[in-house]
Amino acid sequence: MSELAIDRQIDRSKMQVSDEVAIEINNMNKWYGAFHVLRDINLTVNQGERIVIAGPSGSGKSTLIRCLNALEEHQQGTIMVDGTELSNDLKNIDKIRSEVGMVFQHFNLFPHLTILENCTLAPIWVRKTPRKEAEERAMHFLEKVKIPEQADKYPGQLSGGQQQRVAIARSLCMMPRIMLFDEPTSALDPEMIKEVLDTMIELAEEGMTMLCVTHEMGFARQVANRVIFMDAGQIVEQNEPEEFFNNPQSERTKLFLSQILGH
Amino acid sequence: MSDVSFVRTEMLPEQAPPASEVGPIGWIRHNLFSGWFNSILTLVSLYAIYYVLSGVLPWTFQSVWNADSLNQCREIMMAKWGSTHGHACWAVINDRWLQLLFGFYPSHLYWRPILALVLLLIALAPVLYSERVPTKLLILTAAYPFLLPFLMWGGTIWGPISAALGFVIGWGVYTVASKQISGLIGIILGVVASIIWWLVLSSYFVGAMDSILPIGIEAVQSRQFGGFMLAILLGVVAIGVSLPIGIVLALGRQSDLLIVKYLCVGFIEFIRGVPLITLLFVASLLLNLFLPPGTNFDIILRVMIMMTLFSAAYMAEVIRGGLAALPRGQYEGADSLGLNYWQAQRLIIMPQALKISIPGIVSTFIGIFKDTVLVSIIGLFDVIGLASAIRADTAWNGIYWELFAFIGALFFVVCFSMSRYSMYLERKLQTGHH
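Since the structure is predicted, the reported quantities are computational estimates derived from the model, not experimental observations. Residues take numbers from 1 onward in each chain, read along the sequence in its written order. Labels follow written order: the first chain is A, the first ligand is 1, and so on. At least 70 in pLDDT is required for a residue's local features to be given in this predicted model, at least 80 for side-chain atom pairs to be given and counted, and no such filter applies to totals for whole chains, interfaces and linings, which use all residues. To get the side-chain values, take all heavy atoms of the structure and skip hydrogens and water.

Trainee: Could you clarify how one ought to interpret the overall build of chain B in this entry?
Mentor: Per the convention used, a helix needs a DSSP run of H or I reaching at least four residues, while a strand needs a run of E reaching at least two, with both numbered from the N terminus. Broken down by element type, chain B carries 16 helices and two strands. The quantity called the radius of gyration is restricted to C-alpha atoms. Its globule counterpart is 2.2 Å times the number of residues to the power 0.38. In terms of C-alpha radius of gyration, chain B reaches 29 Å, well past the compact-globule figure of 22 Å for 434 residues. In terms of principal-axis extent, the alpha carbons of chain B reach across some 100 × 80 × 40 Å. Each residue's exposure class comes from its accessible area (1.4 Å probe, protein chains only) as a fraction of the maximum for that residue type: buried when under 20%, exposed when over 50%, partly exposed otherwise. Within chain B, the fraction of its 434 residues that count as buried is 38%. In what follows, residue pairs with any heavy atoms lying within 4.5 Å of each other are defined as contacts. Pairs at least 24 apart in sequence give 72% of the contacts found in chain B among residues at least 6 apart. For chain B, the distance from the average position of its 23 positive side-chain charges to the average position of its 21 negative side-chain charges is 4 Å. Working convention for charge: Lys and Arg count positive, Asp and Glu count negative, and His plus the chain ends are omitted. Every charge is mapped onto a representative atom, which is NZ of Lys, CZ of Arg, CG of Asp or CD of Glu.

This is the structure:
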């Protein structure tokens, strides 16, 4: 993975980490059948934090953030999101899902709906927002991700980078307090990675709480306030980005960084 | 070593393709004579087409349209062409077409099935061409299931009204119960209330209302139904009802609830494992053994139920194929936005799964529509049954081709329309690159 240069000044004035806890994970364990995929995860995320989760493939980083909105079920331990505990109660799960936005590696836009309909669907059906208001809000966020002119097209007519920006806008339309990114740039051409990263940076500048699984170390260095390194289903190391990249402690982290940064 | 460095100073403009690639000549070269083997195939095919048409066209068009019997037909042919061979006797169709279309339906009431057909087309319009037809017409679509039996069988108007009331009562009970208790119990109570209404209370209601306010039209018995009308009636009901049942079965088969899942699997596998003819014999003969003596369970209704169940089992498998073709990401996308199960199914999953399944669904529709001719085996006078009946008449004894050609043409028109509509629909729902 190359380290893509971020050629802009990042406005840090609103990147404030508050004392309020957004996500709290205690002693969480998860198995796929007999395979112990997440092992004793403990993590507290405060409101306004920008966390990058890195690690080799198969280390459980995607599984971890997919547990946070119950796309995956955990078997032991507790997860509290915004004060609501993730349990088997469907009402809690739906509540958390509507508060937590998620962006996927393969966008997962709905190909049978236009861009605008993709963005208004959940606000109209889940939040019961009036259609007109939902459309106005959708256009607002589409302008924010810089593709308002594509509103009436279908996802299949857009480039990968545009689709991913629509996916981000679609999540934002639900006014989430937390955004999860599951390798948002891994399926994109290099030219398009930048436009998606720019959108994510803007989001960070507005103070959004973000958890990103990504291999974009430039983003981690400049935007994140904390980098978490996972291997074999556990959190191996976490630190501020400067320390993490310049002074990694564990041997595993050093090896990983030397491989992806190509030293 | 030569110098490998190269820099293009100006970009190449677009040029017109060579003449051999475009226009009619290009088309013929590409599609008919692109090599010696393809050229031979083209010539052989052209000869085969000529051979078939040279037989069929004279038979079809050098034909007799007015005669009272097959013998008279043959006399006219001898007089005109000096041979009875190679000429159609369409006089039989001219003589009996009304019967082939309507069976023994009373001729002064023909307007009723015709009106039912016209209303069917109007009721289908907002469903089939949703973007061109005002959605208000959907009211007619909703009323049509109750209008159809009233027009076809006639009798008191309170019957269909009572049937519709059953749905209203079920819905009412559901809305009250789901607010007071819970959604699932609401559904169960609503269904139970509707069933109680239909099975127990509805007959008293119809009787009472009929004695107070007797409104109705002349009743027609089921045994008078027949002809192509019967095929359309059975086909429309089987097609219209089997699609929703098929969707429910397909979802049930994918359900996490084990009992629901295995009930659906059992139903689908049983129905698909049994020939339709067997089911029809069960409907016509065996059911009478199980029902209490004296029950009047209409034969056409029984056949409708069997054909619907048969078609629904196939439909469920076709739709399951569509569901399986959807990437997991679509479910996750819907979940991550907080849509609940039914919203996700209705708004995200089903529209796409059904779109993928369109060719299979329409094939099943066409199949079940053509299978309606099997009812002639259990003694209903559909077109095939009537063709035999017409041959039993001494005037037309021995005539085969013309009757079957006519029946074939009737079915072809309907099936071909369905097929073309499905292609139109696929094009319309295409949302990828244009």
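Anyway, onward from the coordinates.
Trainee: Looking at this model, I keep getting lost on the pairing of strand S9 (residues 226-231) of chain A. Mind explaining?
Mentor: For a regular strand, side-chain orientation follows a simple rule: the groups alternate between the two sheet faces. Residue and element names in this part refer to chain A. Counting buried positions along S9 yields six of six residues, so the element is predominantly enclosed. Because side chains alternate across S9, one face comprises the buried residues Arg226, Ile228 and Met230, and the other comprises Val227, Phe229 and Asp231, equally buried. Paired strands, as defined in this entry, are two strands with at least two bridges between them according to DSSP. When strand S3 (residues 50-54) meets S9, the two strands line up parallel, connected through four bridges. Residue pairing for S9: Ile53 is matched across the bridge by Ile228. Alignment of S9 against strand S10 (residues 234-239), held across five bridges, turns out to be antiparallel.

Trainee: Help me understand the pattern of salt bridges, please; the structure alone is not making it clear to me.
Mentor: It is possible for side chains bearing opposite charge to pair when their charged atoms get close. Each salt bridge in this description consists of a side-chain nitrogen of Lys or Arg and a carboxyl oxygen of Asp or Glu lying within 4 Å of one another. All told, the structure shown has 25 salt bridges over all chains when counted by the stated rule. Here A:Lys254 and A:Glu251 are joined by a salt bridge, their closest N and O atoms 3.4 Å apart. On the criterion of helical spacing, the pair formed by A:Lys254 and A:Glu251 is a turn pair, its members being three residues apart in helix H9 (residues 251-261). One salt bridge connects B:Arg272 with B:Glu269, and the closest N-O pair in it is separated by 3.8 Å. Here B:Glu269 and B:Arg272 lie together in helix H10 (residues 258-272), a separation of three residues that amounts to about one turn. On the basis of relative accessibility, which here comes to 36%, the residue B:Glu269 falls in the partly exposed class. Here the salt bridges share partners, and the residues they tie into one network are A:Lys30, A:Arg66, A:Glu72, B:Arg328 and B:Glu332.

Trainee: Looking at this model, I keep getting lost on the domain arrangement of chain B. Mind explaining?
Mentor: Note: domain ranges come from an automatic or database domain assignment. The domain architecture assigned to chain B consists of domain 1 (23-92), domain 2 (95-105 + 226-429) and domain 3 (156-217). When each unit is reduced to the centre of its C-alpha atoms, the spacing between domain 1 of chain B and domain 3 of chain B is 59 Å.

Trainee: Looking at this structure, how should I read the environment of B:Pro126?
Mentor: Examined against the element boundaries, B:Pro126 turns out to sit in helix H5 (residues 111-128). Filtering out sequence-adjacent residues up to four positions away, B:Pro126 remains in contact with B:Val133, B:Pro134, B:Leu137, B:Leu138 and B:Thr141.

Trainee: In this structure, what is going on with the confidence of the model for chain B? I would like to understand it.
Mentor: Low pLDDT marks stretches whose predicted atomic positions should not be read closely. Looking at chain B as a whole, the pLDDT averages 88, with 98% of positions reaching at least 70. Think of pLDDT as the predictor's per-residue confidence, scored from 0 to 100. Mean pLDDT across the elements of chain B ranges from a minimum in helix H1 (residues 23-31) of chain B, with 81, to a maximum in H10(B), with 94.

Trainee: What's the story with the sheet that holds strand S5 (residues 84-85) of chain A in this structure? I'm lost.
Mentor: Pairing between sheet strands relies on hydrogen bonds along the backbone, with the strands arranged either parallel or antiparallel. Residues and elements named next belong to chain A. Judged by pairing direction, the sheet is antiparallel, and its four strands sit side by side in the order S2-S1-S4-S5 without closing on themselves. Strands at the two margins of the open sheet, each flanked by one partner only, are strand S2 (35-46) and S5. In this structure, strand S1 (residues 21-32) lies alongside strand S4 (residues 76-81), joined through five bridges in antiparallel fashion. Among the inter-strand pairings, Ile23 is bridged to a residue of S4, identified as Val81. Its contacts with the sheet place helix H1 (residues 61-68) against S1, S2 and S4, and it is angled at close to 120 degrees to S1. Only the stretch in contact is used when a helix axis is fitted, and all axes are lines through C-alpha atoms; the angle between N-to-C directions ranges over 0 to 180 degrees.

Trainee: Can you help me understand the side chain of A:Thr120 in this one?
Mentor: Here A:Thr120 shows up in helix H3 (residues 115-125). Overall, A:Thr120 belongs to the buried group, its relative accessible area being 4%.

Trainee: So what exactly am I meant to see when it comes to the UniProt feature "domain: ABC transporter" (unreviewed entry) in chain A here?
Mentor: UniProt positions are given in the numbering used here, feature names are shortened, and annotations may be inferred rather than shown by experiment. Mapped onto the present numbering, the UniProt feature "domain: ABC transporter" (unreviewed entry) falls at residues 23-257 of chain A. Helix makes up 39% of residues 23-257 of chain A and strand 26%, with an end-to-end C-alpha separation of 27 Å.

Trainee: Where do I start with the interface of chain A and chain B in this structure?
Mentor: Opposite the 25 residues of chain A that make contact, chain B presents 21 residues. Around 2,000 Å² of area is buried between chain A and chain B when both sides are counted, 60% of it from carbon and sulfur atoms. Summed over the three residues of chain A that lose the most area to chain B, namely A:Phe110, A:His112 and A:Trp125, the buried surface amounts to 27% of that side. Along the contact surface separating chain A from chain B lie two salt bridges. With a closest N to O distance of 3.9 Å, A:Arg97 and B:Asp335 form a salt bridge. Within 3.5 Å is the distance limit for a polar contact, defined as a pair of N or O atoms, with the added protein rule that one can donate a hydrogen and the other accept it, and that residues adjacent in sequence qualify only through two side-chain atoms. Our enumeration of links across chain A and chain B arrives at six residue pairs in polar contact (both at pLDDT 80 or more). When residues of the side of chain A that touches chain B are traced back to their parent elements, those giving at least two are helix H2 (90-99), strand S6 (100-103) and H3 of chain A. Defined in terms of a 1.4 Å probe, buried area is the accessible area two parts forfeit on being brought together, summed over both.

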